[in-house]
Amino acid sequence: MVAPATETLLAHVTSGRRAKRMVEILDLVSDRGAISLAELSDTLGISAATARRDLSDLAAQNLLLRTHGGASALDRSRELPVALRDTRFQDAKRAIARAMVERLPAERYVIALCGGTTTAGVARELANHRDIAVVTNSLTIASLLSGFAGVRVVMTGGFLRPQSLELVGALAESTFNSVNVGTAILGADGITAGAGVTTHDETEARTNHAMVAKAQRAVVVADGSKIGRVALAQCAPIDEIATLITDSSADPEELQRIRAAGVEVVVVDAAP
């Protein structure tokens, strides 16, 4: 069941334009530490009433702290709801997804896809694949794939995480442990040579590791903002990752450390 605060936010984010604006607000608050209604209105060119409504909805989701006359930042590592995450770095995610699918066999094959906005992009790029099976714990990805004639979908069981719309826990892990997968395609909230692939939720991390452990190879698809970041829980150590596909905004020094750890690094052009 979706948490009440998340349900409220999803009900109010009715357009892509507003979702992008709310992400811009979070970035402004994070960069400045605090912002007033007047500053927000001037910076984004919106009315005070609109700014007030957006801040109230973001505060209801515990993404910022509402103050008298404005808002202040909370933890920078707090996870964005899926309704907002899909608006960020779209050009980079599309380029990464295309590069991933180009590396898959054209004939019968099995992949695993965890949830995430970049892995959802990979799912969209499978529209013309002739014969592929996708094992996933993501409701979003299963829905995207359901209309593709050449794609067979295997859903795991598990408990639903409302923040990511993923099924996690022992039932999901059992499904991944019982199938043979050619390539596990993993999103990330962070990846470094030292910490490996990380995410915000411990249960989600364990489920993702079960996906990686049974695959012949694991590929991480992550936009440049995730490179060099470390989140709470490890999905996989770096030595379990065969390839990282990212974009040209990624930190080159961290990419070199990841290469030195034995990972193939593919950098794509994020230009639209």
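Here, the structure is the one placed above.
The structure presented is a predicted model; accordingly, all values stated were derived computationally and were not measured. Within each chain, residues carry numbers counting from 1 in the order of the written sequence. Under the rules for a predicted model, residues below a pLDDT of 70 receive no local features and side-chain atom pairs below 80 are neither given nor counted, while totals for whole chains, interfaces and linings still include all residues. Neither water nor hydrogens contribute to the side-chain values; these are computed over all heavy atoms in the structure.

Student: Can you tell me about the sheet that holds strand 1 (residues 34-36), naming the residues and giving the values?
Tutor: Note on pairing: DSSP must find at least two bridges between two strands before they are called paired. The numbering of helices and of strands both runs from the N terminus, where a helix is a DSSP run of H or I of at least 4 residues and a strand a run of E of at least 2. Taken together, the three strands give an open sheet; going across it, the order is 1-3-2, and neighbouring strands pair in antiparallel fashion. Both outer strands of the open sheet, strand 1 and strand 2 (64-67), are each paired with one neighbouring strand and no more. Strand-to-strand twist in this sheet, taken as the mean axis angle between neighbours without regard to direction, amounts to 20°. Across three bridges, the pairing between strand 1 and strand 3 (residues 70-73) is antiparallel. Directly across from Ile35, in strand 3, lies its bridge partner Ala71. The sheet strands contacting helix 3 (residues 37-44) are strand 1, strand 2 and strand 3, and the helix crosses strand 1 at an angle near 80°. Together, strand 2 and strand 3 form the strand contacts of helix 4 (residues 48-60), whose direction differs from that of strand 2 by roughly 130°. Note on geometry: axes are C-alpha line fits, over the in-contact stretch for helices, and angles between N-to-C directions span 0 to 180 degrees. Whether two residues are in contact is decided by their heavy atoms: any pair within 4.5 Å suffices.

Student: Kindly report on the sheet that holds strand 13 (residues 233-236), identifying the contributing residues and their values.
Tutor: Here we have three strands laid out as an open sheet, ordered 10-11-13, and antiparallel in their pairing. Only two strands of the sheet have a single partner each, and these edge strands are strand 10 (190-192) and strand 13. Mean inter-strand twist for the sheet, computed between neighbouring axes without regard to direction, equals 35°. Helix 10 (residues 202-213) rests against strand 11 (196-199) and strand 13 of the sheet, and its axis sits at about 10° to strand 13.

Without other data, these values stay purely geometric and don't point to any function.
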